Amino acid sequence: MNWISNYVRPKINSLFSRREVPENLWTKCPECGTMLFHRELSDNLNVCTNCDHHMAITPRERFNALFDSGIFTEVKIPEPIADPLHFRDQKKYPDRLKAAQKATGEKEAMLVAEGEMGRTPIVAAAQDFSFMGGSMGMYVGNAIIAAAERAVKLKRPLVLFSAAGGARMQEGILSLMQMPRTTVAVQMLREANLPYIVVLTHPTTGGVTASYAMLGDVQIAEPNALICFAGPRVIEQTIREKLPEGFQRAEYLLDHGMLDRVTHRMKMRDELITILRMLMRLPPPVAGDLPAPEKAETAEKPAEAAPAKGKKA
Amino acid sequence: MTTYLEFEKPLAEIEGKAEELRALARKNEEMDVEKEAAALDKKAADLLRDLYKDLSPWRKCQVARHPDRPHCKDYIDALFTEFTPLAGDRNFADDHAVMGGIARLNDEPVVVIGHEKGHDTNSRIRHNFGMARPEGYRKAIRLMDMADRFGLPVVTLIDTPGAYPGKGAEERGQSEAIARSTQKCLTIGVPLISVIVGEGGSGGAVAFATADRVAMLEHSVYSVISPEGCASILWKDAEKMREAAEALRLTAQDLRKLGVIDRIIKEPTGGAQRGRDAAIAAVGSEIALMLAEMSGRKSSDLVKERRRRYLDLGNKGLAA
Ligand SMILES: [Zn+2]
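Quick caveat, the model's predicted, so the values are computed rather than measured.

Student: Before we move on, can you summarise the overall build of chain A with the specific residues and values?
Tutor: The helix and strand inventory of chain A stands at eleven helices and ten strands. In chain A, buried positions account for 43% of the 313 residues.

Here is the structure:
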């Protein structure tokens, strides 16, 4: 055990055990109907062990599985001004936000963190579909910009997991302006020659697809994820015909040349490590369980985490 | 023939009466109706001015969509010389919803790109009502690239209900095409200015309107979603479009407060559809002004400032 895991892990674990106390011990797979025990399901990253149906996974659960030993440091996101348009539909926007915060235990629809994945330093961002449909407003835009800026600063690649119904309507035009804003973020990575990998998860639609989620150097999707600009219902209403089976699903997009790969969630981490290490010109990953990364960690971490202290050895 | 909008019905009645009187007088020479008709004309003019003085957001949407408003082609024909349309995305097709090419504005060569809606049934179908497919965005990308290489400023004219929601459009990568077009807007080292002349419909508009300077005609709209679409999602009732239009802040006036656009171009009384030539001329001088403002700047500064503009956008809300 090195000092980082001793110090940080208990905190993260306690956070998790609180969030993960399941209300129901059993979850029914919406695809095949199999009853899945919660442990079995979470060990399989919310993928049905019977039919491989990929259910939603929160950004925190994903990061816990993605980063080595579940250790990651959240990147601070600049706070946008609240309710910029004073928007109200049947509810006030601030009330909808509060309800989403209460239901998810998260502040907003995107989580950004830095850490190591297979001892490959990365910055990762994940969108939370359970938070107002993952919708993209000022906060999500700020999160992507902060992620890109952090990646550029640390000279690390960015891995982004997208999941969103589209723009945050309650922020009106400002949600639309996240398309150019996040595209500027992608441009920062491009100009720093840092890999930007997008993992498209179910569903990724609307303005999100038409900006940062389609601009990756490598585009990977989870199986059967719905990925589109216009939703299937809108299209059916417009063209008045039935759409083919699997239309706008990950495999369909792969066939039409819009994706590089479709990858099972349980294989995603290894695949990301493999790709990123090649693009970053790092040596191949070590297979199997990693040895305690005593030397590497202590050599690298203090320089990043606490540059002012250092020099203890 | 005037096409009246729903809220212009009282106006249609008065103008109709005046026309009736004059028609009667034409048939019957002894009749003198001019005094009466002139009074009606005056009444109509007053009403028109009142109606347009303070248009609600929903009424602005209707005006922005008015079929008699000048469209992209009208602006290009009137304002530019030597317009040479350039077609195709070199990959799949030419999209008639997007027109573009090289032309001169006050003798200076520029690249001009815009959405064209068409003006009658046939041309509307041909132009797909201004709803672009991926080929349209890819054609625009090609033209912006060309402008960048030859140092020509780019002028875009925005007038679209949105990108086309069709099967083929999706299969050929509608979202990727829009994303790349926005990306291209953010990377070219030449001045890029944009005027929203009618509807600025969501991502389909952003793809061309990510610019150094953005102007809007007084009664045009620019929104993340149509009021009808927003109403059916958030109010679960498409008939609540008035409320949605209000909440979305899609008018030129609100968008300037938010810092999304820089300038508002005044329309003639009764909207651009009633004074087409004046509206076109006003857009022309505004384009010239914005281009003059951007000219002589270094490529790298243009790109840097354009990106800064979008990074900073929204940080002040309505107080911008
Ligand atoms: Zn299943």
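Student: Account for the overall build of chain B, with residues named and values stated.
Tutor: Secondary structure assignment for chain B yields 14 helices and eight strands. Against the globule reference of 20 Å for 320 residues, chain B gives a C-alpha radius of gyration of 21 Å, in line with a compact fold. On the principal axes, the C-alpha backbone points of chain B span a range of 70 × 50 × 40 Å. Restricting to contacts in chain B with at least 6 residues of sequence separation, those with at least 24 account for 71%.

Student: Explain the interface of chain A and chain B to me, using residue names and the numbers behind them.
Tutor: In this assembly, 41 residues from chain A lie in contact with 42 residues from chain B. Of all elements in the fold, only α5 (138-154), α6 (172-176), α7 (178-191) and α8 (232-239) of chain A reach the threshold of two or more residues within the side of chain A that touches chain B. Among the elements that make up the side of chain A that touches chain B, the one with the highest residue count is α7 of chain A (six residues).

Student: How would you summarise the pairing of strand β3 (residues 108-115) of chain B if you had to cite specific residues and measurements?
Tutor: All names here are of chain B. A large share of β3 lies buried, amounting to six of its eight residues. A loop of two residues connects strand β2 (residues 98-105) with β3, the two strands running antiparallel in sequence, and asparagine 106 in this loop sits at a positive phi of about 50 degrees. Sheet topology note: the β3/strand β4 (residues 154-160) ladder contains four bridges and is parallel. When the sheet's bridge partners are listed, valine 112 is paired in β4 with valine 155.

Student: Hey, could you go over the nonpolar core for me, with residue numbers and the actual values?
Tutor: Counting 162 residues, the largest nonpolar core has Ala125, Leu158 and Ile173 of chain A together with Val154 of chain B as its most contacted members. Counting residues per element, this core draws most heavily on α5 of chain A, at nine residues. With near-sequence residues (within four places) excluded, valine 154 of chain B lies in contact with Val110, Val111, Ile113, Met144, Ala147, Ile188, Val190 and Leu192 of chain B.

Student: For helix α4 (residues 93-104) of chain A, give the residues involved together with the corresponding values.
Tutor: Between its first and last C-alpha atoms α4 of chain A spans 17 Å; for twelve residues at 1.5 Å apiece the expected length is 16 Å, and the two agree. Immediately downstream of α4 of chain A, the backbone of glycine 105 of chain A shows phi near 70 degrees, a positive value.

Student: Requested: an account of α7 of chain A, with residues and values cited.
Tutor: Residues and elements named next belong to chain A. An ideal rise of 1.5 Å per residue puts 20 Å on 14 residues; α7 measures up with 20 Å between its terminal C-alpha atoms. Taking burial as the measure, the 14 residues of α7 include ten buried ones, the bulk of the element. Downstream of α7 by a residue or two, asparagine 193 has a phi angle that is positive, lying close to 55 degrees.

Student: With reference to specific residues and values, describe the confidence of the model for chain B.
Tutor: With 99% of its residues at a pLDDT of at least 70, chain B reaches an overall mean of 95. Predicted complex metrics record ipTM = 0.94 and pTM = 0.90.

Student: Give me the lowdown on the confidence of the model for chain A, citing residues and values where you can.
Tutor: Low-pLDDT portions of the prediction should not be read for the details of their coordinates. Residue and element names in this part refer to chain A. On average, residues of chain A score 88 in pLDDT, and 84% of them reach the 70 mark or higher. Note on residues 1-18: pLDDT under 50 across the span, and 15 contacts to partners over four residues away in sequence or across chains. Segment residues 295-313 is flagged for pLDDT under 50; beyond a separation of four residues in sequence, or across chains, it makes eight contacts in the model.

Student: Requested: an account of the environment of glutamine 248 of chain A, with residues and values cited.
Tutor: Mapped onto the elements, glutamine 248 of chain A comes out in the loop between α8 and α9 (250-255). Here glutamine 248 of chain A falls in the buried class, since 25 other C-beta atoms lie within 10 Å of it. Between the C-alpha atoms of glutamine 248 of chain A and threonine 204 of chain A, which are 44 residues apart in sequence, the distance is 10 Å. Apart from the residues lying within four places of it in its own chain, the contact partners of glutamine 248 of chain A are Leu226, Ile227, Cys228 and Pro232 of chain A together with Glu170 of chain B.

Student: So, the packing of helix α8 (residues 174-185) of chain B against helix α9 (residues 202-209) of chain B: which residues are in play, and what are the values?
Tutor: All names here are of chain B. Running from N to C, α8 and α9 cross one another at 30 degrees; their axes reach a closest spacing of 7 Å. Between α8 and α9, the interaxial angle falls into the category roughly parallel. Helix-helix and strand crossings are classified by hand; for α8 and α9 the assignment is left-handed. Packed against α8, whose contacting residues are Ile178, Ser181 and Thr182, the element α9 presents Gly203, Gly204, Val206, Ala207 and Phe208 at the interface.

What counts, and at which threshold
Residues numbered from 1 in each chain as written. Chains lettered and ligands numbered in written order. Predicted model: local features only at pLDDT ≥ 70, side-chain atom pairs only at ≥ 80, totals over all residues. Helix = DSSP H or I, 4+ residues; strand = E, 2+ residues; numbered from the N terminus. Buried ≥ 20, exposed ≤ 12 C-beta atoms within 10 Å, placed from the backbone. Rg over C-alpha atoms; globule rule 2.2 N^0.38 Å. Contact = placed C-beta atoms within 7 Å. Pairing = 2+ DSSP bridges. Core = buried A, V, L, I, M, F, W, Y, C linked by C-beta atoms within 7 Å. Expected span 1.5 Å × (residues − 1). pLDDT = per-residue confidence, 0-100. Axes fitted to C-alpha atoms, helices over the stretch in contact; angles between N-to-C directions. Parallel < 35°, antiparallel > 145°, perpendicular 65-115°, else oblique. Left-handed = near helix turned anticlockwise from the far one by under 90°.

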